[in-house]
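Residues per chain are reported as follows:
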Amino acid sequence: MILIRLSQGVESFTAGSSEFALSFAATHDRCIPLMDNGHYHPTEVVSDKIPALLCFFDEIALHITRPVRWDSDHVVLFDDETKEMAKEIVRNDALDRVYMALDYFDASINRIGAWATGFRNWQKALLNAMLMPHDKLKELQDAGRFSELMACQEGCKLLPMGAVWDEYLRRCGVKGELEWFDDVLAYEKEVLNNRQ
């Protein structure tokens, strides 16, 4: 399998255009597009591209990161675009069709903390997407009941995702949001700081 990276950016060099890479992937067997949301224009989002690509590709790949701006990219945050990418994957029933790779490198912060934070944030985004009443939202949209759809979408923003997340962590025997970072600091002190 060949992954064709589709990204654009001023800060990062990309050889060839996104359109060329997507066309190449679409016309060659065993090629799938790799969307890297860290290298698109600030007004362009990968979440909008996911459903379109799923119409034409059996599989797609995502490099889930934080967009390049003036600081470092990489560590996945629980931000709007991360949540929207997860929603598009779940609402299109594509969990088994999307390869999801996370980025966590940022030399200015503890890498283990960055990895754990980013991974947990992607899990939260997927959980948030799975808790959405997608069938109800689709029913309202298909019926043209757009005012009710808007009200329902806004109501979903207050669903108790945090309580479900806390219960998930409890059942997995994993420390909660404000408890786990002490382990990272201890590891940094006992192991990382002693490396040459």
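See the structure above.
Residues numbered from 1 in each chain as written. Predicted model: local features only at pLDDT ≥ 70, side-chain atom pairs only at ≥ 80, totals over all residues. Heavy atoms only, no water.

Asker: Looking at this model, I keep getting lost on the pattern of salt bridges. Mind explaining?
Answerer: Opposite charge on two side chains allows them to pair when their charged atoms are near. Counted according to the given criterion, the structure contains 13 salt bridges. For glutamate 167, the salt bridge identified is with arginine 171, shortest N-O distance 2.8 Å. On the criterion of helical spacing, the pair formed by glutamate 167 and arginine 171 is a turn pair, its members being 4 residues apart in helix H7 (residues 161-172). In this structure glutamate 167 comes out as partly exposed when scored by relative accessible area, which is 27%. Each of Arg120, Lys124 and Glu177 takes part in salt bridges that share partners, so that together they form one network. (Salt bridge = Lys/Arg side-chain N within 4 Å of Asp/Glu carboxyl O. Helix = DSSP H or I, 4+ residues; strand = E, 2+ residues; numbered from the N terminus. Buried < 20%, exposed > 50% of the residue type's maximum accessible area, 1.4 Å probe, protein only.)

Asker: Any chance you could explain the pairing of strand E3 (residues 60-64) here in plain terms?
Answerer: Regular strands place their side chains on alternate faces of the sheet. In terms of burial, E3 is largely enclosed, as 5 of its 5 residues are buried. The sheet contact formed by strand E2 (residues 31-36) and E3 spans 3 bridges and is parallel. Across the sheet, leucine 34 pairs through a bridge with alanine 61, a residue of E3. For the handedness criterion, the β-α-β arrangement of E2, helix H2 (residues 50-56) and E3 is classed as right-handed. Sheet analysis places E3 next to strand E4 (residues 98-102), joined by 5 bridges and oriented parallel. Paired with alanine 61 across the two strands is tyrosine 99, which belongs to E4. (Pairing = 2+ DSSP bridges. Right-handed = clockwise from strand over helix to strand, strands pointing away.)

Asker: Whenever I open this one, the environment of aspartate 80 confuses me. Can you help?
Answerer: Its location among the elements puts aspartate 80 in helix H3 (residues 80-91). As for aspartate 80 and alanine 125, which are separated by 45 residues in sequence, their C-alpha atoms are 9.3 Å apart.

Asker: Teacher, can you tell me more about H3 here?
Answerer: Residues that lie three or four places apart on an α-helix share one face, since the helix turns once every 3.6 residues. Here H3 spans 16 Å end to end across 12 residues, near enough to the 16 Å set by a 1.5 Å rise per residue. Within the sequence span of H3, burial applies to Glu81, Thr82, Met85, Ala86, Lys87, Glu88, Ile89 and Val90. Each element contacted by the buried residues of H3 is listed here: H2, E3, E4, helix H4 (111-131) and helix H5 (134-142). Aspartate 93 lies just past H3 and shows a positive phi near 50°. (Expected span 1.5 Å × (residues − 1). Contact = heavy atoms within 4.5 Å.)

Asker: Please explain the packing of H3 against H4 as it appears in this structure.
Answerer: Between two packed helices, the angle of one axis relative to the other and the distance separating the axes together describe the packing. Orientation of H3 relative to H4, taken along the N-to-C sense of each, is 50°, at an axis distance of 8 Å. In terms of their interaxial angle, H3 and H4 are classed as oblique. Taken as a pair, H3 and H4 cross one another with a handedness that is right-handed. Contacts between H3 and H4 involve Thr82, Lys83, Met85, Ala86, Lys87, Ile89 and Val90 from the former and Trp122, Ala125, Leu126, Asn128, Ala129 and Met130 from the latter. Among the residues forming the contact of H3 with H4, the class breakdown is 9 nonpolar, 2 polar and 2 charged. (Axes fitted to C-alpha atoms, helices over the stretch in contact; angles between N-to-C directions. Parallel < 35°, antiparallel > 145°, perpendicular 65-115°, else oblique. Left-handed = near helix turned anticlockwise from the far one by under 90°. Nonpolar A, V, L, I, M, F, W, Y, C, P; charged D, E, K, R; others polar.)

Asker: Honestly, a nonpolar patch on the surface in this entry has me stumped. Any pointers?
Answerer: A surface patch of nonpolar side chains, about 320 Å² in accessible area, is lined by Tyr104, Trp115 and Phe119. Of note, phenylalanine 119 is situated in helix H4. (Patch = residues over 30% accessible without salt bridge, like charges linked within 9 Å, V, L, I, M, F, W, Y side chains within 5 Å. Areas by Shrake-Rupley, 256 points an atom, 1.4 Å probe, with all protein chains shown as cover.)

Asker: Before we go on, may I ask you to explain the environment of leucine 62 in this structure?
Answerer: Within the fold, leucine 62 resides in strand E3. In the structure, leucine 62 is positioned 39 residues away from alanine 101 in sequence and 6.1 Å away in space, judged by C-alpha atoms. In contact with leucine 62, other than residues within four places in its own chain, are Leu34, Met35, Val46, Ile50, Ile89, Val98, Tyr99, Met100 and Ala101.

Asker: Can you help me understand the side chain of asparagine 128 in this one?
Answerer: Looking at the secondary structure, you find asparagine 128 in helix H4. On the basis of relative accessibility, which here comes to 14%, the residue asparagine 128 falls in the buried class. Not counting chain neighbours up to four residues away, the residues in contact with asparagine 128 comprise Lys83, Lys87 and Met161.

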